[in-house]
Amino acid sequence: MAESESGQDRSEEPTEKRLRESREKGQIARSRELNTLAVVLAGCITLLSIGGSLAVGLLDLMRANFELSRDTVMDERSMALYLLASGELALTLLIPLFVVLLAASIIGPIALGGWLFSAQAMQPKFSRMNPAAGLKRMFSMHALAELLKALAKFFVLLGVALLVLKADQDDLLALGHEALEPALQHSALIVAQSAIWLACGLILIAAVDVPFQLWDNRQKLMMTKQEVRDEYKDSEGKPEVKSRIRQLQREMAQRRMMEAVPQADVVITNPTHFAVALKYDPAKGSAPVLLAKGGDFLALKIREIAQENKVMVLESPALARAVYFSTEMDQEIPAGLYLAVAQVLAYVYQIKQYQAGKGKRPAPLADNLPIPPDLRRDE
């Protein structure tokens, strides 16, 4: 099991944040053997497809450059023209091979780990210039694994090369008895076939290296229990910070709530433990809305603000508790309290009419307002 620098076991799977940060730093699984395999195999297949025509084209190019007339040789300007024409012809012949190799060099890395562009990975790291760190890397387990892998690759390719040479021995010896053009085409075919067999050896190496690179990269990203806890604190916030944020949010909500109290039609109290401020606006909704609510100190503050702004304060303990526990801020009261609150609002309206000299003094508000049992909250 992997250990961290502090000696703790890296027993925890990497989190999403750890995986995301590793990609941003360019720390993903890559296999050089897979890249080499892709380039070699693509090049071999291309040579096998166009190797004959490529050999003939290069032969024509060489013949054209060696069969020069005396006037051409003596003309200094013609040499530059011949060089330019030869370069264009060679480039035209080799472009298909170059394009295939370029595509393979791009597809190979993408096949393992996907497309990734990391600016952090491109930044110079002066820590890599530290001789002590370099010696530590040279004698690390990773360096030993790379050495063993290089030796295994050498012996595998050596074995495949010897087998290919033995199998193509007769064809190689026959090249000396062939004409120039057939010999060039035949040699290109032998080279392409031999390279394909060597690529098959690389397939075996890549089949071992790819799982190893995935496992090794996963081991590097494993986390200790303490790292997981620290990351959780950083992402979710420290308890004291979260507590302070919640406190500030409550204070802001209370200020907004107190600013809304003067707009209420009535404040219903417990009378001391709870206070709720209600407003009914037929143009905006079909039911009264809770503008503010609070207990103990907040309840006292709501009553004080209501009295300062001449908002009627009524005592109805059962209704105050029912609204307090069943309704959230800026929400309509539940349907079960419509009738009880309607009686309160009607009483408030009659009191205002009486105070304006437009009606008789209403009878006191009933103590037993119709509150459903499921909405009642006893003290």
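Positions within a chain are numbered from 1, following the residues in the order the chain's sequence is written. Only residues with pLDDT of at least 70 get local features here, since the model is predicted, and only at 80 or more are side-chain atom pairs given and counted; chain-wide, interface and lining totals rely on the full set of residues. Working from all heavy atoms in the structure, the side-chain values ignore hydrogens and water.

Student: Describe the nonpolar core, naming the residues involved and giving the relevant values.
Tutor: Nonpolar cores are built from buried Ala, Val, Leu, Ile, Met, Phe, Trp, Tyr and Cys residues. Side-chain atoms within 4.5 Å join them into one set. For each residue, the accessible area found with a 1.4 Å probe, counting protein chains only, is set against the maximum for its type, and the residue is called buried under 20%, exposed over 50%, and partly exposed in between. In this structure, V266, I268, L278, L319, L337 and V344 are the most contacted members of the largest nonpolar core, which totals 23 residues. Elements supplying a minimum of two residues to this core: β1 (266-269), β2 (274-279), β4 (312-315), α13 (317-326) and α14 (338-355). The contact rule is simple, with two residues in contact once any of their heavy atoms fall within 4.5 Å. The residues touching V344, leaving out its near neighbours within four places in the chain, are V266, I268, L314, L319, L365 and L369. Each helix is a run of H or I in the DSSP string that is no shorter than four residues. Each strand is a run of E no shorter than two, and both are numbered from the N terminus.

Student: Can you explain the packing of helix α7 (residues 141-167) against helix α9 (residues 180-221)? Please cite residues and give values.
Tutor: In contact at an axis separation of 8 Å, α7 and α9 are set at 160° when each is read in the N-to-C sense. Here α7 lies roughly antiparallel to α9, going by the angle between them. Along this stretch, α7 crosses α9, giving a crossing that reads as right-handed. Contacts from H142, A145, E146, K149, K153, V156, L157, V160, A161 and V164 in α7 reach S194, W197, L198, G201, L202, I205, D209, F212, Q213 and D216 in α9. Axis angles are defined between N-to-C directions and span 0 to 180 degrees, where every axis is a line fitted to C-alpha atoms and, for a helix, only to the segment in contact. With respect to orientation, any angle under 35 degrees is reported as roughly parallel, any angle over 145 as roughly antiparallel, any angle of 65 to 115 as roughly perpendicular, and every other angle as oblique. Throughout, a crossing is termed right-handed when the near helix is turned clockwise from the far one, and left-handed when it is turned anticlockwise from it by less than a right angle.

Student: An account of the pairing of β2 is needed here, citing residue identities and associated values.
Tutor: Extensive coverage of β2 is indicated by the burial of five of its six residues. Should DSSP find at least two bridges between two strands, the strands are taken to pair. By the bridge criterion, four bridges tie β1 to β2 in an arrangement that is antiparallel. For T269, the partnering residue across the bridge sits in β2 and is A275. Joining the antiparallel neighbours β1 and β2 is a turn of four residues. In this structure, β2 lies alongside strand β3 (residues 289-295), joined through six bridges in antiparallel fashion. Of the residues in β3, the one forming a bridge with A275 is G294.

Student: Now, about the sheet that holds β4: what can you tell me, with residues and values included?
Tutor: As summarised here, the arrangement of the four strands in space is β3-β2-β1-β4, forming an open sheet in which the pairing is mixed. Two strands in the sheet have a free side with no partner beyond their single neighbour: β3 and β4. Ignoring strand direction, the axes of neighbouring strands in this sheet form an average angle of 20°. Strand contacts of α13: β1, β2, β3 and β4, with the helix running at about 75° to β2, the strand carrying the most contacts. Packing against the sheet, α14 makes contact with β1, β2 and β4, and its axis sits at approximately 130° to β4.

Student: Break down the pattern of salt bridges for me, citing the residues and quoting the values.
Tutor: Salt bridge, as applied in this entry: a Lys or Arg side-chain nitrogen positioned within 4 Å of an Asp or Glu carboxyl oxygen. Going through the model one piece at a time under the given rule, you end up with two salt bridges. Taking the shortest distance from any N to any O, the salt bridge between K153 and E33 comes out at 3.2 Å. Within this pair, whereas K153 is found in helix α7, its partner E33 is found in helix α2 (residues 32-66), the two being separated by 120 residues in sequence. K153 gets classed as partly exposed once you look at its relative accessible area, which sits at 25%. Here E33 falls in the buried class, since its relative accessible area comes to 4%. Residue K220 pairs with D216 through a salt bridge whose shortest N-O separation is 3.4 Å. Of the two residues, K220 and D216 are both situated in helix α9; the distance of four residues between them amounts to about one turn of the helix. On the basis of relative accessibility, which here comes to 52%, the residue K220 falls in the exposed class.

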